[in-house]
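# Observations on the model geometry
The primary structure of each chain is shown beneath.
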Amino acid sequence: MPLNIRGVEIYPQQLDRPAQEALVEELRAVQAVAPLFSPRTRGGQMSVRMTSAGKYGWYSDGRGYRYESTHPGGGDWPAIPASVLALWHELTGLDRAPDCCLVNYYGDTARMGLHQDRDEADFSWPVMSVSLGDDGLFRIGNETRGGKTESIWLASGDVALLTGPSRLVHHGIDRIRPGSSTLLAKGGRINLTCRVVD
Ligand code: MD5
Ligand code: FE
């Protein structure tokens, strides 16, 4: 039974340590094909580095946010790891596979400001997030800007599902807790988000 915070379903420790280690290996292969990059937004360079797997990858530059069918280096995005697809189908109960698995890497001082995920065509599809490595302080707000927010530390192996009305709440990562996990040799935090794009 998941925790429920403002409609966001959180599955603490959904992935055990061996599953987390196997996933990190699969992500190493993803990053070898599609290296991490730091997107530029109108607000400046993001502190989070990212890449994607699947049919589309999330991208941002001075012209705005969008999904792209190729990595900024030119090639196709690699396939979404099979274990991630299996987790998606298990937790969402959907037959439809996600189009994008965004891989966010947070170094010790990286953060992600409050935002909505609204670059997808249909908000009735859920978004699934998987946390790996150091703890991250996840802040959940409201559908409209402003108002009270709630925060929860997401730990390595935790999985979250944004479904229904919670799909459009503002959310972000205020900070990570460096050194809180031994999963990643170089430290830091990885978050995967799987989405149906079009
Ligand atoms: C992260 N990533 O941890 C954060 C939070 C993003 C993003 O917000 O857009 O890449 S992932 C927490 C989360 C769980 C389930 C659904 C949603 C976010 N969501 O719909 O935004 O790197
Ligand atoms: Fe988001």
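Cut-offs used in this document
Residues numbered from 1 in each chain as written. Chains lettered and ligands numbered in written order. Predicted model: local features only at pLDDT ≥ 70, side-chain atom pairs only at ≥ 80, totals over all residues. Heavy atoms only, no water. Helix = DSSP H or I, 4+ residues; strand = E, 2+ residues; numbered from the N terminus. Buried < 20%, exposed > 50% of the residue type's maximum accessible area, 1.4 Å probe, protein only. Contact = heavy atoms within 4.5 Å. Areas by Shrake-Rupley, 256 points an atom, 1.4 Å probe, with all protein chains shown as cover. Lys, Arg positive; Asp, Glu negative; His and termini not counted. Charge placed at Lys NZ, Arg CZ, Asp CG, Glu CD. Phe/Tyr/Trp six-rings, centres within 6.5 Å; stacked < 30°, edge-to-face > 60°. Lys NZ or Arg CZ within 6 Å of the ring centre and 35° of its normal. UniProt positions renumbered as here; feature names shortened; annotations may be inferred. Pairing = 2+ DSSP bridges. Axes fitted to C-alpha atoms, helices over the stretch in contact; angles between N-to-C directions. Arc of directions from axis to C-beta. Core = buried A, V, L, I, M, F, W, Y, C linked by side-chain atoms within 4.5 Å. Near = heavy atom within 4 Å. Polar contact = N/O pair within 3.5 Å; in protein donor to acceptor, adjacent residues only side chain to side chain.

The name given to the protein chain in an unreviewed UniProt entry is Alpha-ketoglutarate-dependent dioxygenase AlkB, and the organism recorded there is Pseudooceanicola spongiae.

Looking only at helices and strands, the protein chain has two helices and 15 strands in total. By principal-axis analysis of the C-alpha atoms, the protein chain measures approximately 40 × 40 × 40 Å. Looking at the 198 residues of the protein chain, the share that counts as buried comes to 51%. Nonlocal contacts in the protein chain, meaning residues at least 24 apart in sequence, comprise 73% of its contacts between residues at least 6 apart. Within the structure as shown, the protein chain displays about 9400 Å² of accessible surface, and the carbon and sulfur contribution to it stands at 51%. Charged side chains in the protein chain number 21 positive and 23 negative. The centres of these two groups are separated by 8 Å.

Turning to the packing of aromatic side chains, a few remarks are in order. Counted according to the given criterion, the structure contains two aromatic pairs. Each ring, one from Phe 37 and one from Tyr 59, has its centre 5.8 Å from the other, and the planes form 50 degrees; the classification is tilted. Highlighted residues: Phe 37 in the loop between helix H1 (17-33) and strand S3 (40-41) and Tyr 59 in strand S6 (residues 57-61), separated in sequence by 22 residues. The same class applies to Phe 37 as to Tyr 59, namely buried. Ring plane angle 35 degrees and centroid distance 5.4 Å describe the contact between Trp 58 and Tyr 65, whose orientation is recorded as tilted. Owing to a relative accessible area of 45%, Tyr 65 belongs among the partly exposed residues under this scheme. In this structure, Arg 189 packs its charged tip against the face of Tyr 106, placed 5.1 Å from the ring centre.

Under the feature "binding site: Fe cation" (unreviewed entry), the UniProt entry names His 115, Asp 117 and His 171. Separation in sequence by 57 residues is not matched in space for these annotated residues, since their most distant C-alpha atoms are only 8.7 Å apart. Position of His 115 relative to the elements: it lies in strand S9 (residues 112-115). Once residues within four sequence positions are removed from consideration, His 115 is found in contact with Val 169, His 170 and His 171.

What follows concerns the sheet that holds strand S12 (residues 150-154). Taken in spatial order, the four strands of this open sheet run S9-S14-S11-S12, and their pairing is antiparallel. The two strands at the open ends of the sheet, each matched to only one other strand, are S9 and S12. Each neighbouring strand pair of the sheet contributes to a mean axis angle of 25 degrees, computed without reference to strand direction.

Even without a glycine there, the phi angle at Arg 6 is positive, about 50 degrees. Looking at the secondary structure, you find Arg 6 in the loop between strand S1 (3-5) and strand S2 (8-11). Overall, Arg 6 belongs to the partly exposed group, its relative accessible area being 29%.

Time to look at helix H2 (residues 82-92). Turn by turn, an α-helix covers 3.6 residues, leaving residues three or four places apart pointing in a common direction. Among the residues of H2, those classed as buried are Val 84, Leu 87, Trp 88, Leu 91 and Thr 92. Across the axial projection of H2, the buried residues extend over an arc of 105 degrees, all falling on one side. The outward face of H2, more than 90 degrees from its buried face, is lined by the exposed residues Ala 82 and Glu 90. Buried residues belonging to H2 abut S2, H1, strand S8 (100-106), strand S10 (127-133), strand S13 (159-162) and strand S15 (189-195). One or two residues past the end of H2 sits Gly 93, with phi positive at roughly 70 degrees.

Membership of the largest hydrophobic core comes to 27 residues, with the highest contact counts inside it found for Leu 23, Val 84, Met 128, Val 130, Leu 132, Ile 190 and Leu 192. Only H1, H2, S8, S10, S13 and S15 provide two or more residues apiece to this core.

The environment of ligand 1 is made up of 17 residues, and the closest members are Asn 104, Tyr 106, Asp 117, His 171 and Arg 189. Within the contact set of ligand 1, an oxygen atom lies 2.5 Å away from a side-chain nitrogen or oxygen of Tyr 106. Here ligand 1, which alone exposes 480 Å², has 98% of that area covered by the protein. For the shell around ligand 1, the elements supplying multiple residues, two or more each, are S8, S9, S10, S13, strand S14 (171-177) and S15. The element best represented in the shell around ligand 1 is S15, accounting for four residues.

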